[in-house]
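# Structural description and commentary
Below are the chains, spelled out letter by letter.
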Amino acid sequence: MKRSEINRAIMKSGVFFINNGWAMPPQPKWDVTDFGLGDFEKFGLILINLAEEVEYCEKLMYAAKGQTTPSHTHKKKKEDIICRTGELVVQLWANDPANNDSMDTFEMKVNGSFQTITSDDKITLKAGERITIEPGVWHAFWPESDECIIGEVSTANDDLNDNFFSNPDIGRYAHIDEDESPLVKLLSDK
Ligand SMILES: O=C[C@@H](O)[C@@H](O)[C@H](O)CO
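Just so we're clear, the structure is a prediction, and the values are computed from it rather than from any experiment. (Residues numbered from 1 in each chain as written. Predicted model: local features only at pLDDT ≥ 70, side-chain atom pairs only at ≥ 80, totals over all residues. Heavy atoms only, no water.)

### Regarding empty space enclosed by the protein
Counted under the stated rule, the structure contains one cavity of 30 Å³ or more. Here the largest cavity defines a volume of roughly 130 Å³. Taken together, 19 residues make up the lining of the largest cavity; nearest its centre are Leu-45, Leu-47, His-72, Glu-152 and Asn-163. For the lining of the largest cavity, the elements supplying multiple residues, two or more each, are strand S2 (45-52), strand S3 (56-64), strand S4 (69-73), strand S5 (79-85) and strand S11 (138-143). Here the residues of the lining of the largest cavity are counted per class, giving seven nonpolar, six polar and six charged. (1 Å grid on protein atoms, 1.4 Å probe; cavity = no way out; pocket = protein on both sides within 12 Å on 5 of 7 lines; lining within 4 Å. Points joined across faces, edges and corners; volume = space filled by probe spheres on them. Helix = DSSP H or I, 4+ residues; strand = E, 2+ residues; numbered from the N terminus. Nonpolar A, V, L, I, M, F, W, Y, C, P; charged D, E, K, R; others polar.)

Next comes the structure, spelled out in structure tokens:
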């Protein structure tokens, strides 16, 4: 991913956050990723770690229509994915969708109430709605609206060691081609 694309993504999402009432923290901890796939328009996510402590984490995320966060799971992290602005689709599986096409059902909390989910189901969250994802549940998400602000409130976050993707080609952070100067230092920058 080119640094110029990262800079543009930060500017575009920054304007959207501010226009939707989200004040940036001092020295925001930006994380812009194409999941190492080199196609940010298709697989891309912009994140800001708002709070990261040993016990818990809060993130603010942005995606535009067409950008998917690919299927993955966490072994330790339990998280609420919250649609803050726009409309968000979250797809769910009991097992890795890459090697399992079972129709397993499982219970998940949507807006705090248990709901029976069948593997492969898609849940659409409107602004204000949330889904609680237990460790081991596979999930992918993308905006249904043109742009989407997504919240994440979770137990401890460890992006290097607790993200397991279906696609073995995926890396959590982008490979960066330094074609211009960075606008900000990313979490993944040395
Ligand atoms: O589901 C998404 C989240 O867990 C993100 O925080 C994660 O960084 C995506 O790889």
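### So, the layout of surface pockets
Of the pockets and cavities examined, the largest pocket occupies roughly 190 Å³. In this structure, the largest pocket is lined by Glu-5, Arg-8, Ala-9, Lys-12, Ser-13, Phe-40, Glu-41, Ile-46, Tyr-62, Ala-64, Lys-65 and Gln-67. Of all the secondary structure elements, the ones that give two or more residues to the lining of the largest pocket are helix H1 (3-19) and S3. Top contributing element to the lining of the largest pocket by residue count: H1, with five residues.

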